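Listed here are the chains, written in short residue letters.
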Amino acid sequence: MFIIMKTWIVTLLVCSFNLNAGVFAQQEKLDVSVKNASLAEVFKHIRQASSYTFVYDSDAIGRQAPVSLSVKDAPIETVLDLCLKDTGLSYVIDDNIVIIRVTRPARQQQVDALRVSGTVTDAKKAPLPGVNIRLKETTHGVSSDVNGRYTLVFPRVSAPVLVFSFIGMKTREIPYAGQETLDVVLEE
């Protein structure tokens, strides 16, 4: 019985040491003072001044505007909130790993979009599934569904041409004239 009690006491002590270490790490205070620094530089500074490591997409971080901030004895959450304000980025802290992630896509210019729908069939009026429909000289495109139907949304360009292609069929290029519905027949 005495051995069992000793084992439980040692186990409880070990667990309480781990708990204290985790709480201490979360209370770590930082002094950060930077002027017109990139987010990568700020994260490097935090990494050197603390026990935190960072995981992030360097392309997403590189697109952000320079940061200027000055904080003393602040928790990492405060520093990260100031750095990531209005950037479309957020963070998650797991142990001493800070994960930076994109929460919303970068702002894109509002583009006046055009929309066309229709059905792609063969000469016998049978629907063709999997036909590639794209705006010529762009990457905007879709494939027809199992019933040969498609809907393509694409940006307004001058003289748009839609390209319909399917294995075993002749490729067709059709100038888009503003119609909402465009049914196409492909020939073998």
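Because the structure is predicted, anything quoted here is derived from the model rather than measured.

Rules used in this analysis
- Residues numbered from 1 in each chain as written.
- Predicted model: local features only at pLDDT ≥ 70, side-chain atom pairs only at ≥ 80, totals over all residues.
- Heavy atoms only, no water.
- Phe/Tyr/Trp six-rings, centres within 6.5 Å; stacked < 30°, edge-to-face > 60°.
- Helix = DSSP H or I, 4+ residues; strand = E, 2+ residues; numbered from the N terminus.
- Buried < 20%, exposed > 50% of the residue type's maximum accessible area, 1.4 Å probe, protein only.
- Arc of directions from axis to C-beta.

Q: Looking at this model, I keep getting lost on the packing of aromatic side chains. Mind explaining?
A: Centre distance and the angle of the planes are the two values used to describe a pair of aromatic rings. Tallied over the entire structure, the rule returns four aromatic pairs. Consider the rings of Phe43 and Phe54, whose centres lie 4.6 Å apart with planes at 15°: the pair is stacked. Here the residue Phe43 occupies a position in helix 2 (residues 39-49), and Phe54 occupies one in strand 2 (residues 53-55), the gap between them amounting to eleven residues. A centroid spacing of 5.4 Å and a plane angle of 55° characterise the contact between Phe43 and Tyr56, whose relative ring orientation is tilted. Of the two residues, Phe43 sits in helix 2 while Tyr56 sits in the loop between strand 2 and helix 3 (58-62), which places them 13 residues apart along the sequence. Clustering of aromatic rings is evident, with ring pairs tying together Phe43, Phe54 and Tyr56.

Q: What exactly am I supposed to notice about helix 2 here?
A: Since the α-helix turns once every 3.6 residues, residues separated by three or four places project in the same direction. Turning to helix 2, its buried residues are Leu39, Val42, Phe43 and Ile46. Along the axis of helix 2, the buried positions cluster into a sector of 95°, meaning they face one direction only.

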